[in-house]
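Chain by chain, the residues:
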Amino acid sequence: MSDPNKEFDGIRQADNPLPEWWKWVFLGCIIFAGIYAVYFHVFSDWGTSAYYAAQIQEYEKEFPNRNVAVESTDGSNPFRGNQDAINAGQKAFQTYCVACHGPTGEGLVGPNLMDKEWLHGNTDLELYTTVMKGISVERTKLGRGPMPAHENSLGSEKVYQVLAWLASKNPELKSSE
């Protein structure tokens with residue numbers, strides 16, 4: 001029979017049992033966890049889906065106009081010439097677009113938006129589609145980088161505002177054709 005007090009690398013292991021109070025606390029924790037799990041999932045009306053729905057309602061109350069859907073029936077920009085929209089578009093451009101198109105829109109990684117050369121169309125409808133859907137690597141031209149889709153990050157209202165600001169700065173941007 002082997003020695004119950006084993007020694008490994010100079011450390012003596014005593015085969016002492018756990019204290020009774022520790023065993024009872026451990027058993028109590030297991031019983032409590034089982035009762036709590038049954039109560040929470042079966043008898044409680046507070047669940048993750050109800051909590052999530054309440055958070056969504058609270059957010060929508062606090063930020064009612066997050067991404068307003070703006071539609072154009074004829075393909076033209078409904079905010080063209082609207083000074084408030086142009087100012088909001090400039091602010092959105094400075095926030096989202098400046099890293100690729102430069103602070104004045106004259107291009108960095110992305111193309112120059114203030115010249116006469118438009119790589120992916122120069123009408124409101126073509127630019128709206130380009131900004132909303134993005135440009136994949138396969139569709140890039142003249143060695144310019146791809147463009148991410150902004151339909152979820154900006155939404156149609158902000159995209160039209162940015163396009164209104166661009167139209168106020170570049171006369172080559174056409175309303176519709």
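Residues numbered from 1 in each chain as written. Predicted model: local features only at pLDDT ≥ 70, side-chain atom pairs only at ≥ 80, totals over all residues. Heavy atoms only, no water.

S.K.: Looking at this model, I keep getting lost on the side chain of histidine 101. Mind explaining?
M.R.: Locating histidine 101 in the fold gives a position in helix α3 (residues 83-101). Only 3.0 Å separates the side chain of histidine 101 from the backbone oxygen of proline 111, close enough to count as a polar contact. With residues up to four places along the chain from it excluded, the contact list for histidine 101 reads Phe93, Glu106, Gly107, Leu108, Gly110, Pro111 and Leu113. (Helix = DSSP H or I, 4+ residues; strand = E, 2+ residues; numbered from the N terminus. Polar contact = N/O pair within 3.5 Å; in protein donor to acceptor, adjacent residues only side chain to side chain. Contact = heavy atoms within 4.5 Å.)

S.K.: Can you help me understand the packing of aromatic side chains in this one?
M.R.: Geometrically, a pair of aromatic rings is defined through the distance of the ring centres and the angle of the planes. One pass over the structure, following the stated rule, counts five aromatic pairs. Measuring from ring centre to ring centre gives 4.4 Å for tyrosine 128 and tyrosine 160, while their planes differ by 10 degrees; the resulting arrangement is stacked. One end of the pair, tyrosine 128, is in helix α4 (residues 124-133); the other, tyrosine 160, is in helix α5 (residues 155-169), with 32 residues separating them in the sequence. Accessibility classification places tyrosine 128 together with tyrosine 160 in one group, the buried group. A connected cluster of aromatic rings, assembled from ring pairs, spans Phe32, Tyr36 and Phe40. (Phe/Tyr/Trp six-rings, centres within 6.5 Å; stacked < 30°, edge-to-face > 60°. Buried < 20%, exposed > 50% of the residue type's maximum accessible area, 1.4 Å probe, protein only.)

S.K.: Mind showing me how you'd approach the UniProt feature "domain: Cytochrome c" (unreviewed entry) in the protein here?
M.R.: The feature "domain: Cytochrome c" (unreviewed entry), as annotated in UniProt, sits at residues 84-170 in this numbering. The span residues 84-170 shows a helical share of 49% and a strand share of 0%, and its end C-alpha atoms are spaced 18 Å apart. (UniProt positions renumbered as here; feature names shortened; annotations may be inferred.)

S.K.: I'm lost on the nonpolar core in this one. Help?
M.R.: Side chains of nonpolar character tend, in soluble globular proteins, to be buried together. Within the largest apolar cluster, 23 residues are counted, with the highest numbers of intra-cluster contacts made by Val159 and Leu166. Mapped onto this core, the elements with two or more residues apiece are α3, α4 and α5. Sort the elements by how many residues they give to this core and α5 lands first, with eight residues. Once residues within four sequence positions are removed from consideration, valine 159 is found in contact with Tyr128, Val131, Met132 and Leu154. (Core = buried A, V, L, I, M, F, W, Y, C linked by side-chain atoms within 4.5 Å.)

S.K.: Whenever I open this one, the packing of α4 against α5 confuses me. Can you help?
M.R.: Packed helices, taken two at a time, are described by the angle between their axes plus the distance between the axes. Packing of α4 against α5 leaves a shortest axis separation of 10 Å and a crossing angle of 130 degrees. Viewed along their axes, α4 and α5 adopt a mutual orientation that is oblique. Between α4 and α5 lies a crossing whose hand is right-handed. Between α4 and α5, the residues in contact are Asp124, Leu127, Tyr128, Val131 and Met132 and Gly155, Ser156, Val159, Tyr160 and Leu163, respectively. Classifying every residue of the contact of α4 with α5 gives seven nonpolar, two polar and one charged. (Axes fitted to C-alpha atoms, helices over the stretch in contact; angles between N-to-C directions. Parallel < 35°, antiparallel > 145°, perpendicular 65-115°, else oblique. Left-handed = near helix turned anticlockwise from the far one by under 90°. Nonpolar A, V, L, I, M, F, W, Y, C, P; charged D, E, K, R; others polar.)

S.K.: Looking at this structure, how should I read the pattern of salt bridges?
M.R.: Close approach of charged atoms lets side chains of opposite charge pair. Evaluated as defined, the whole model comprises three salt bridges. Put simply, lysine 23 and glutamate 20 hold a salt bridge, and the shortest N to O gap is 3.5 Å. Of this pair, lysine 23 and glutamate 20 both sit in helix α1 (residues 20-43), separated by three residues, roughly a single helical turn. (Salt bridge = Lys/Arg side-chain N within 4 Å of Asp/Glu carboxyl O.)

S.K.: For this particular structure, what's the right way to read the UniProt feature "transmembrane region" (unreviewed entry) in the protein?
M.R.: As recorded in UniProt, the sites labelled "transmembrane region" (unreviewed entry) are residues 21-42. Here residues 21-42 is 100% helix and 0% strand, with 31 Å between the C-alpha atoms at its ends.

S.K.: Looking at this model, I keep getting lost on the domain arrangement of the protein. Mind explaining?
M.R.: Interfaces are frequently sized by the accessible area removed from exposure as the parts join. Assigned domains of the protein: these are domain 1 (7-62) and domain 2 (83-169). For domain 1 and domain 2, the distance between their C-alpha centroids amounts to 51 Å. (Domains from an automatic or database assignment.)

S.K.: In this structure, what is going on with a nonpolar patch on the surface? I would like to understand it.
M.R.: A cluster of nonpolar side chains, Leu18, Trp21, Trp22, Val25, Phe26 and Ile30, forms an exposed patch at the surface whose accessible area comes to about 660 Å². Looking at the element boundaries, isoleucine 30 is found in helix α1. (Patch = residues over 30% accessible without salt bridge, like charges linked within 9 Å, V, L, I, M, F, W, Y side chains within 5 Å. Areas by Shrake-Rupley, 256 points an atom, 1.4 Å probe, with all protein chains shown as cover.)

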